[in-house]
Amino acid sequence: MSDSGASRLRRQLESGGFEARLYVKQLSQQSDGDRDLQEHRQRVQALAEETAQNLKRNVYQNYRQFIETAREISYLESEMYQLSHLLTEQKSSLESIPLALLPAGAAAGEDAAGAGSRDRRRAQAGFLPAPAGPQRDGPGAGEEGKQRTLTTLLEKVEGCRHLLEAPGQYLVYNGDLVEYEADHMAQLQRVHGFLMNDCLLVATWLPQRRGVYRYNALYPLDGLAVVNVKDNPPMKDMFKLLMFPESRIFQAENAKIKREWLEVLEATKRALGEKRRREQEEAAAPRAPAPGPPKGTNPFEEEDEEEPAAPEAEEERVDLSMEWIQELPEDLDVCIAQRDFEGAVDLLDKLNQYLEGKPSPTPVTELRARVDERVRQLTEVLVFELSPDRSLRGGPKATRRAVSQLIRLGQGTKACELFLRNRAAAVRTAVRQLRIEGATLLYIHKLCHVFFTSLLETAREFETDFAGTDSGCYSAFVVWARAAMGVFVDAFSKQVFDSKESLSTAAECVKVAKEHCQQLGDIGLDLTFVVHALLVKDIRGALRSYKEVIIEATKHRNSEEMWRRMNLMTPEALGRLREEMSACGVRGFERYTGDGCWVNLSYTVVAFAKQTLGFLEEALRLYFPELHTVLLESLVEVVLVAVQHVDYSLRCEQDPARKAFIRQNASFLYETVLPVVERRFEEGVGKPAKQLQDLRSASRLMRVNPESTTSVV
């Protein structure tokens, strides 16, 4: 299909007013027969394949952008959750400002009205008696009322007897709610929420027992975050509770009750934080010294021994009354729930800087215990982020966020271990997903590209993430790289050596692997010796196997040897033989050619020379020092088969003319082929092949017929 025809067809199919039915009708009218329709069908199919290839190419080019966009969307979602929580807090603060500005009497009246509204809701739920007019209570009436309310609660809810263990606990607010599933927003169950002064109790309805509930969950308020859920009909009047590592969504009866829940929850949390702040201040406040005896009443006390006592309490006092310290555990819970790992670590760094160099009285110790629990939770989340169970498609950069925060938390060793474990799983997955199709060399090119690209990216990301950390991490990376190379060599050997490929194919595949391995030198990592150590066993087996093939082929030709000159029939064939011999390093081959297309050598000797020199060239491409012995032994065994055959034939032949022809073949073998083998071996290895030299010099003194006692040539 010409370019102009393809362009015209593409424009016609891409036009805005294209109608398939009309197009097919016109095409059927214009075509002469079935052949035209088949040709047009082929053009359309070729255009479809070209379009599919372009689409696939565009997908590959934009794949990294897609990954980055998905990551940015995830970050944006976390920021939106955090912004919603901040807006809820700001709303509560703004609503509390008018109450603070009202006169005392008006504020008291407002509080009384609010309390009356809440009492009416509790009375409707059956947990408080309905108000029966004004009543004057004694000093202990408030405590008794709170205890009575809690006792009534325990009678209505099954399985919450452990609430009695907390002294001073009382009910603040309660109401019916409907719980929804967080992922699919499907209704789960009806629940009843009981807000205490320090916790939130969630109980489920018992359909068979009206007015009785069963205990479901209890959440401390200092570890609870409340997030307003935007109305999205029919899903409305909802709010979310964040408790690491889970979250739950509840729906109120209407917008007013939802607003009451949000306000009461925030007010109760603030009251609890204020109460704990006062307790910490009282615990950290200096205590007045116990009154001692009046001065001068002890006659044995010497004035010069009096020394002012150091105010230890003053020295041990640490100011923990600041708002950000009081709200630190809650803020950490919110950051963890919203996956704001950087914000959580920033808060921890701020606290550590504030407490650095200061004493550790009881309030500080308690604060650190609460913060350490959040650190443990944050570490667990970061560890899960680096686990191989997570998606591995983001590449090494996808782990940077979790690794950097673990390092900031002082978990550098764990971050290194998890990062390398994650990348090991990614490498194994990438190698396993490669499809084995086409030629072996094509698969090896793909395998080397995938593996060494992944290894190079991992090394660069490792250097970026762990720069400035303990040097022990770098040794761990070297150990990991060697283990990853083992995965690569297993796949490489299974495809190249286990499938019994030719020695030339194996040599080309090993060359490709070495070239890719040398790319790691750009980052100061040389794993060539590791590749050699892992491949040496398979290459030895390949050399020995190919040696046996040459020996069997040579013996088979020797058994059919007639010692006749070669007739190549055409000058072109003779020219190709000269080129082959010249490529193998044999010089002066012209003196062995005769008139016309004749060659004054035996077919067996010429075939042996080409096969042996070809074997040597391929083996030298695979050579490294560990293969020296097996290569030399293989060459000696191959050459020995030919030498023994020539010497034995020369000894046994009686015809003078044929004996002269055998001597000419022996001269070609000893004076031309074997020196070339020795020279190429020394050039490729770097040292002479002494065993080959000894074999050539001593070959005519060999006893070629073991049954004869005088057959020494």
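Residues numbered from 1 in each chain as written. Predicted model: local features only at pLDDT ≥ 70, side-chain atom pairs only at ≥ 80, totals over all residues. Heavy atoms only, no water.

Colleague: What should I look at first to understand the overall build of the chain in this one?
Modeller: A count of helices and strands for the chain gives 22 helices and ten strands. Across the 713 residues of the chain, 40% fall into the buried class. Long-range contacts, defined here as pairs at least 24 residues apart, represent 68% of the contacts in the chain between residues at least 6 apart. Accessible area of the chain: about 41,400 Å², with a carbon and sulfur share of 51%. (Helix = DSSP H or I, 4+ residues; strand = E, 2+ residues; numbered from the N terminus. Buried < 20%, exposed > 50% of the residue type's maximum accessible area, 1.4 Å probe, protein only. Contact = heavy atoms within 4.5 Å. Areas by Shrake-Rupley, 256 points an atom, 1.4 Å probe, with all protein chains shown as cover.)

Colleague: Explain the packing of helix 16 (residues 503-518) against helix 17 (residues 528-559) to me, please; I cannot follow it from the model alone.
Modeller: Think of two packed helices as two axes; the pair is described by the angle between the axes and how far apart they sit. The geometry of helix 16 relative to helix 17 is characterised by a closest axis approach of 12 Å and an angle of 175° between their N-to-C directions. As summarised for this structure, helix 16 and helix 17 are arranged roughly antiparallel, according to the angle between their axes. Here helix 16 contributes Leu503, Lys514 and Cys517 to the contact with helix 17, which in turn contributes Thr528, Val531, His532, Ala542, Leu543 and Tyr546. Among the residues making up the contact of helix 16 with helix 17, the classes are represented as six nonpolar, two polar and one charged. (Axes fitted to C-alpha atoms, helices over the stretch in contact; angles between N-to-C directions. Parallel < 35°, antiparallel > 145°, perpendicular 65-115°, else oblique. Nonpolar A, V, L, I, M, F, W, Y, C, P; charged D, E, K, R; others polar.)

Colleague: I'm lost on the pattern of salt bridges in this one. Help?
Modeller: When the charged atoms of two side chains with opposite charge come close together, those side chains can pair. Following the criterion strictly, the structure yields 25 salt bridges and no others. The partner of arginine 248 in a salt bridge is glutamate 179, with the nearest N and O atoms 2.7 Å apart. In this pair, arginine 248 sits in strand 8 (residues 246-251) while glutamate 179 sits in strand 2 (residues 171-180), placing the two residues 69 residues apart along the sequence. Each member of the pair, arginine 248 as well as glutamate 179, carries the same accessibility label: buried. The salt bridge involving arginine 370 is made with aspartate 222; its shortest N-O contact spans 3.8 Å. Within this pair, whereas arginine 370 is found in helix 11 (residues 362-385), its partner aspartate 222 is found in the loop between strand 5 (213-220) and strand 6 (225-229), the two being separated by 148 residues in sequence. Each of Glu617, Arg679, Arg680 and Glu683 takes part in one network of salt bridges that share partners. (Salt bridge = Lys/Arg side-chain N within 4 Å of Asp/Glu carboxyl O.)

Colleague: Help me out: how do you make sense of the sheet that holds strand 4 (residues 199-205) in this one?
Modeller: Ordered by their spatial adjacency, eight strands build an open sheet running 1-5-4-3-2-8-7-6, and the pairing between neighbours is mixed. Each edge of the sheet is formed by a strand with only one pairing partner; in this case those strands are strand 1 (157-158) and strand 6. By the bridge criterion, seven bridges tie strand 4 to strand 5 in an arrangement that is antiparallel. Paired with valine 202 across the two strands is alanine 217, which belongs to strand 5. On the sheet, helix 6 (residues 255-284) packs against strand 2, strand 3 (187-196), strand 4, strand 6 and strand 7 (238-243) and is oriented at approximately 130° with respect to strand 2. (Pairing = 2+ DSSP bridges.)

Colleague: When you look at the side chain of arginine 374 in this model, what are you seeing that I'm missing?
Modeller: Of note, arginine 374 is situated in helix 11. With near-sequence residues (within four places) excluded, arginine 374 lies in contact with Asp222, Gly223, Pro329, Leu332, Asp333 and Ile336.

Colleague: Is there a simple way to explain helix 6 in this structure?
Modeller: Three or four residues apart is the spacing at which side chains of an α-helix point the same way, because the helix has 3.6 residues per turn. Its 30 residues give helix 6 an end-to-end C-alpha distance of 43 Å, which sits within 8% of 44 Å, the value for a rise of 1.5 Å per residue. Residue asparagine 254 occupies the N-cap position of helix 6, its side-chain oxygen lying 3.1 Å from the main-chain nitrogen of lysine 256. (Expected span 1.5 Å × (residues − 1). Polar contact = N/O pair within 3.5 Å; in protein donor to acceptor, adjacent residues only side chain to side chain.)

Colleague: Before we go on, may I ask you to explain helix 19 (residues 603-622) in this structure?
Modeller: Relative to the 28 Å expected for 20 residues at 1.5 Å per residue, helix 19 spans 29 Å between its end C-alpha atoms, a close match to the ideal helical length. Here helix 19 starts with a cap whose side-chain oxygen sits 3.3 Å from the backbone nitrogen of threonine 604, and that cap is serine 602.

Colleague: Honestly, the pairing of strand 3 in this entry has me stumped. Any pointers?
Modeller: Side-chain positions along a regular strand alternate between the two faces of the sheet. Pairing analysis gives nine bridges linking strand 2 to strand 3, with the strands arranged antiparallel. Counterpart to glycine 175 in the pairing with strand 3 is glycine 193. Hairpin connection between strand 2 and strand 3: a loop of six residues separates the two successive antiparallel strands, and methionine 185 in this loop has a positive phi of roughly 55°. Relative to strand 4, strand 3 runs antiparallel, the two sharing five bridges. Considered in strand 4, the bridge of phenylalanine 194 is made with leucine 201. Counted along the chain from strand 3 to the antiparallel partner strand 4, the turn is two residues long.

Colleague: What exactly am I supposed to notice about a nonpolar patch on the surface here?
Modeller: A cluster of nonpolar residues, Leu76, Met80, Leu83 and Leu87, forms a patch on the protein surface that exposes about 390 Å² of accessible area. Secondary-structure assignment places methionine 80 in helix 3 (residues 34-101). The exposure class of methionine 80 is partly exposed, given its relative accessible area of 49%. (Patch = residues over 30% accessible without salt bridge, like charges linked within 9 Å, V, L, I, M, F, W, Y side chains within 5 Å.)

Colleague: What exactly am I supposed to notice about the nonpolar core here?
Modeller: Nonpolar side chains in soluble globular proteins tend to be buried together. In this structure, Met485, Phe488 and Phe492 are the most contacted members of the largest nonpolar core, which totals 130 residues. Not counting residues up to four positions away in its chain, the partners in contact with phenylalanine 488 are Leu447, Cys448, Phe451, Phe452 and Ala513. (Core = buried A, V, L, I, M, F, W, Y, C linked by side-chain atoms within 4.5 Å.)

Colleague: I keep staring at the packing of aromatic side chains and nothing clicks. Help me out?
Modeller: Two aromatic rings are characterised by how far apart their centres lie and by the angle between their planes. Applying the stated criterion across every chain yields a total of 19 aromatic pairs. Taking the centre distance of 6.3 Å and the plane angle of 40° together, the rings of phenylalanine 239 and phenylalanine 250 count as tilted. Of this pair, phenylalanine 239 sits in strand 7 while phenylalanine 250 sits in strand 8; the two residues are eleven residues apart in sequence, bridging distant segments of the chain. Each member of the pair phenylalanine 239 and phenylalanine 250 is classed as buried. Members of the aromatic cluster, each reached through a chain of ring pairs, are Phe419, Phe462, Phe466, Tyr474, Phe477 and Trp480. (Phe/Tyr/Trp six-rings, centres within 6.5 Å; stacked < 30°, edge-to-face > 60°.)

Colleague: Looking at this structure, how should I read the pairing of strand 7?
Modeller: The buried fraction of strand 7 is high, at six of six residues. On strand 7, burial covers both faces: Met238, Lys240 and Leu242 on one face and Phe239, Leu241 and Met243 on the other are all buried. As defined by bridge partners, strand 6 adjoins strand 7 across five bridges and the pair is classed as antiparallel. Across the sheet, the residue bridging to asparagine 228 is phenylalanine 239, located in strand 7.

Colleague: Would you take a moment to explain unusual backbone geometry for this structure?
Modeller: The general pattern is negative phi for most residues beyond glycine and trans for most peptide bonds. The backbone of aspartate 237 sits at a positive phi, close to 60°, despite the residue not being glycine. With respect to the element layout, aspartate 237 can be found in the loop between strand 6 and strand 7. Residue aspartate 237 is classed as buried on the basis of its relative accessible area, which comes to 9%. In the Ramachandran plot, arginine 339 falls in the positive-phi region, its phi being about 60° despite a non-glycine side chain. Relative to the helices and strands, arginine 339 resides in the loop between helix 9 (328-337) and helix 10 (341-355). Look at arginine 339 and you get partly exposed, because its relative accessible area is 27%.

Colleague: I would appreciate a short explanation of the environment of asparagine 254 in the present structure.
Modeller: Structurally, asparagine 254 can be placed in the loop between strand 8 and helix 6. Sequence separation of asparagine 254 and methionine 238 is 16 residues, and the distance between their C-alpha atoms is 9.1 Å. Within the structure, the side chain of asparagine 254 is placed 2.8 Å from the backbone nitrogen of isoleucine 257, a separation counted as a polar contact.

Colleague: Looking at this structure, how should I read the packing of helix 19 against helix 20 (residues 628-652)?
Modeller: Their axes nearest at 11 Å, the elements helix 19 and helix 20 cross at an angle of 180°. Between helix 19 and helix 20, the interaxial angle falls into the category roughly antiparallel. Judged by residue contacts, Phe608, Thr612, Phe615, Leu616, Ala619 and Leu620 of helix 19 engage Leu631, Ser634, Leu635, Val638, Val639 and Ala642 from helix 20. Here the residues of the contact of helix 19 with helix 20 sort into ten nonpolar, two polar and no charged.

Colleague: I keep staring at the confidence of the model for the chain and nothing clicks. Help me out?
Modeller: Interpreting fine coordinate detail is not advised for predicted regions of low pLDDT. Mean pLDDT over the chain stands at 78; residues scoring 70 or higher make up 82%. Looking over the chain, one finds the lowest element-wise mean pLDDT in helix 4 (residues 104-125), namely 43, and the highest in strand 2, namely 89. For residues 292-297, every residue scores under 50 in pLDDT, and the model assigns this stretch zero contacts once sequence neighbours within four places are set aside. (pLDDT = per-residue confidence, 0-100.)

Colleague: What should I look at first to understand the side chain of arginine 248 in this one?
Modeller: The exposure class of arginine 248 is buried, given its relative accessible area of 8%. Among the polar contacts made by the side chain of arginine 248, one reaches the side chain of asparagine 216 at a distance of 3.0 Å. A polar contact of 2.8 Å, which involves the side chain of arginine 248, links it to the side chain of tyrosine 219. Apart from residues lying up to four places away in sequence, arginine 248 is in contact with Glu179, Gln189, Val202, Asn216, Ala217, Tyr219, Phe239, Lys240, Leu241 and Met243.

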